[in-house]
Protein chains: 2
Amino acid sequence: MTSATRDAIRSVVEEFVREELSQENAHIASAVWSMLDAGGKGLRPQITMLSALACDSEAVEDPLLASYMELIHLATLIHDDVVDAANIRRGRTSLNSAQGNRFSVLAGDYLFAWVFKKITQSYDSPVPTILAAMLSEICNGEVKQLRATGNLSLGQDQYFEIIGKKTAQLFAACAESGAIVALQRKTKTTGQALRDDPNVRALRDYGFAFGLAFQVRDDVLDVVANETALGKPAASDLRERKVTLPLILALEQGDEAFCDLVRQLFTAARDEGNAGAGSEATNGLASQRLQAVVTHLRSAAAVERCREVIRRYTEQARLALSALPRSEATVALAALTNTLSEFSF
Amino acid sequence: MTSATRDAIRSVVEEFVREELSQENAHIASAVWSMLDAGGKGLRPQITMLSALACDSEAVEDPLLASYMELIHLATLIHDDVVDAANIRRGRTSLNSAQGNRFSVLAGDYLFAWVFKKITQSYDSPVPTILAAMLSEICNGEVKQLRATGNLSLGQDQYFEIIGKKTAQLFAACAESGAIVALQRKTKTTGQALRDDPNVRALRDYGFAFGLAFQVRDDVLDVVANETALGKPAASDLRERKVTLPLILALEQGDEAFCDLVRQLFTAARDEGNAGAGSEATNGLASQRLQAVVTHLRSAAAVERCREVIRRYTEQARLALSALPRSEATVALAALTNTLSEFSF
């Protein structure tokens, strides 16, 4: 997919928000508008539209479903920032920081509800169910992640279960629903059976593997990239005591001094979280510890092993595509996976 | 409807939550379970089931839709308590107080998504759209209410717009969707046209008028009832600078001393909200002012005028029912409106 096409999708999504959403609730529309304006790669809309084209090369490029998928994603980001008490998103002040948690909770709810209203009006079974089920899986994953905060015994299995739910399900649903809508229009059939179509299953598998690789990359970037590249403070996960793959793998190496350091960092971060801002001295110590953990993670084999995991899932995503007839769309979907091995740091 | 039937509906809803929800996310299920266990009159499930019976006396009493409506209501309560920073709900510690805002945001999201998954699986058009549209209206109303915080120029029109969206839409959707599902089963038809069926429209009108009366009563109770009767601190709305009908009507009387007092109360409450807990002296002053405003509101003509408004909407709800063939169900729906004029204080 050329960058011109990517821009075209983006401008369609933006125009749609401006026209449709603004009429119903101007305050929420302007909040959403400002998030869209701050950027984002638009991977989810692209996967949605390309999956439709992969199932029917004659499929008219339909920006609606793709826009709805992006809006669901934005709604989850709005609530994520409340849950994580994040101040910065995409290099800008986050909505909860700008407008308060109260507004953010309601704005996210409104966006979910509004998108579901539109989707149930426009799409037949099973698309609305796929999207609702996906959203419940995302929340399920977020709850599991929240409960795993600070848990240094979190295993790889639990980590992959969490990121499968909180991240990969959305990519999978983009691919699956894009494909199903195209097949519904092409074959004039609706219903649950389309979920078993081999092309739909292959695209869903592609989306899921893509999503896993995407989240592992995101978790590695949090450790290795700087604030400018991330559009949010570096090492946010460690500050929030979120246990992700780089840390899990580094802890598995069994370096006792490092494990102690992480335990101290997390204990201090938890106490600080409970007690509010610490003194200058404790803040200085916390910052030293954080830097030491980051330095260890960067130099450890953990980052290289994460990149290996990313390569494995990227390969799995490409392999899923090979079940489909080769087309411009499948080539573009394969090319999208190249972004997963880009580490601009 | 006898109290035995009411208990039957309640136990079906509870059993459903225990069995269905627990399998998917035990933590969220136990949170929901504890809210259900704390009580609530179950008006929404009753209106859903009775509306079905009013359209088809042979309708099998279907607890599923009624349960989903109660769960949507619970999900909105969970997020409301985050938005209002409420500590007490139905006489118990609220979920946000017990488990934190982060968990509450996710638990509410999960519940919305899970209910929509179930509804899109079980009900044909237009029921999923009615419920999604209703939820977006609720959020829209909540956003408007949040933006109206502390606005002493809020007019009656704006107040009724807010409560129409945040409260009455849910009662209207219970009645409408209950009726539509019964007619779909009876006539084997689906689709948008059922929304124009005269009986469906009459029941929707009943639900909407019922909801308006319900919310005005709730707002009056906040002023006149005590903590034990409310299951939460008295005068919560005034503490949160929420402008409701009793206050709007009292301010309209134009007693300058009273208007000044309310302005002082709200300014102090806003500053306190910004600065955290105040000193003992300022807290004492705030408490005196609050008590003076409450005393004025109780003695003013405002409460009597609110009861007049409640009577008017109750009458409107009953009038809507008169368009339907008289049946046990319509008699029970009419009887439900009696609860609206009960003021146990």
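Note that the coordinates shown come from a computational prediction; the quantities given were computed from them, not determined experimentally.

### Observations concerning the packing of helix α6 (residues 101-122) of chain A against helix α4 (residues 63-83) of chain B
Alright, step 1. Contact geometry for α6(A) and α4(B): axes closest at 8 Å, N-to-C directions at 155°. As far as their axial angle goes, α4(B) and α6(A) are roughly antiparallel. Relative to α4(B), α6(A) is oriented so that their crossing is left-handed. Contacts from R102(A), V105(A), L106(A) and D109(A) in α6(A) reach H79(B), V82(B) and V83(B) in α4(B).
Alright, step 2. Of the residues that constitute the contact of α6(A) with α4(B), the class distribution is four nonpolar, one polar and two charged.

### Here's the deal with the relation of the copies chain A and chain B
Alright, step 1. For the pair chain A and chain B, the best superposition has an RMSD of 0.0 Å and corresponds to a rotation of 180° with a translation of 0.0 Å parallel to the axis. In symmetry terms, the pair is related by a two-fold rotation axis.
Alright, step 2. Taken together, the interface assignments show that 100% of the residues at the interface of chain A recur at the interface of chain B, consistent with an identical surface on both copies.

### Some remarks on the nonpolar core
Alright, step 1. In this structure, L111(A) and L111(B) are the most contacted members of the largest nonpolar core, which totals 210 residues.
Alright, step 2. What L111(A) contacts, discounting residues up to four positions off in sequence, is I28(A), V32(A), L71(A), L74(A) and A75(A).

### Describing helix α12 (residues 245-252) of chain A
Residues and elements named next belong to chain A.
Alright, step 1. Taken across its eight residues, α12 has six buried, putting it largely inside the fold.
Alright, step 2. Looking only at α12, the buried set comprises L245, P246, L247, I248, L249 and A250.
Alright, step 3. Where α12 terminates, the next one or two residues include G254, which has phi positive at roughly 80°.

### Here's the deal with unusual backbone geometry
Residue and element names in this part refer to chain A.
Alright, step 1. Along the chain, S125 connects to P126 via a cis peptide bond; the corresponding omega equals 5°.
Alright, step 2. Position of P126 relative to the elements: it lies in the loop between α6 and α7 (127-147).
Alright, step 3. In the Ramachandran plot, R241 falls in the positive-phi region, its phi being about 60° despite a non-glycine side chain.
Alright, step 4. Its place among the elements puts R241 in the loop between α11 (236-239) and α12.
Alright, step 5. With 19 C-beta atoms counted inside 10 Å, the residue R241 sits in the partly exposed group.

### Re the interface of chain A and chain B
Alright, step 1. Tallying the contact residues gives 31 residues for chain A and 31 residues for chain B.
Alright, step 2. Mapped onto the side of chain A that touches chain B, the elements with two or more residues apiece are α2 (26-37), α4 (63-83), α6 and α7 of chain A.
Alright, step 3. With 14 residues, α6(A) is the largest single contributor of residues to the side of chain A that touches chain B.
Alright, step 4. Counted by class, the side of chain A that touches chain B contains 18 nonpolar, nine polar and four charged residues.

Rules and cut-offs
- Residues numbered from 1 in each chain as written.
- Chains lettered and ligands numbered in written order.
- Predicted model: local features only at pLDDT ≥ 70, side-chain atom pairs only at ≥ 80, totals over all residues.
- Axes fitted to C-alpha atoms, helices over the stretch in contact; angles between N-to-C directions.
- Helix = DSSP H or I, 4+ residues; strand = E, 2+ residues; numbered from the N terminus.
- Parallel < 35°, antiparallel > 145°, perpendicular 65-115°, else oblique.
- Left-handed = near helix turned anticlockwise from the far one by under 90°.
- Contact = placed C-beta atoms within 7 Å.
- Nonpolar A, V, L, I, M, F, W, Y, C, P; charged D, E, K, R; others polar.
- Least-squares fit on C-alpha atoms with pLDDT ≥ 70 in both.
- Core = buried A, V, L, I, M, F, W, Y, C linked by C-beta atoms within 7 Å.
- Buried ≥ 20, exposed ≤ 12 C-beta atoms within 10 Å, placed from the backbone.

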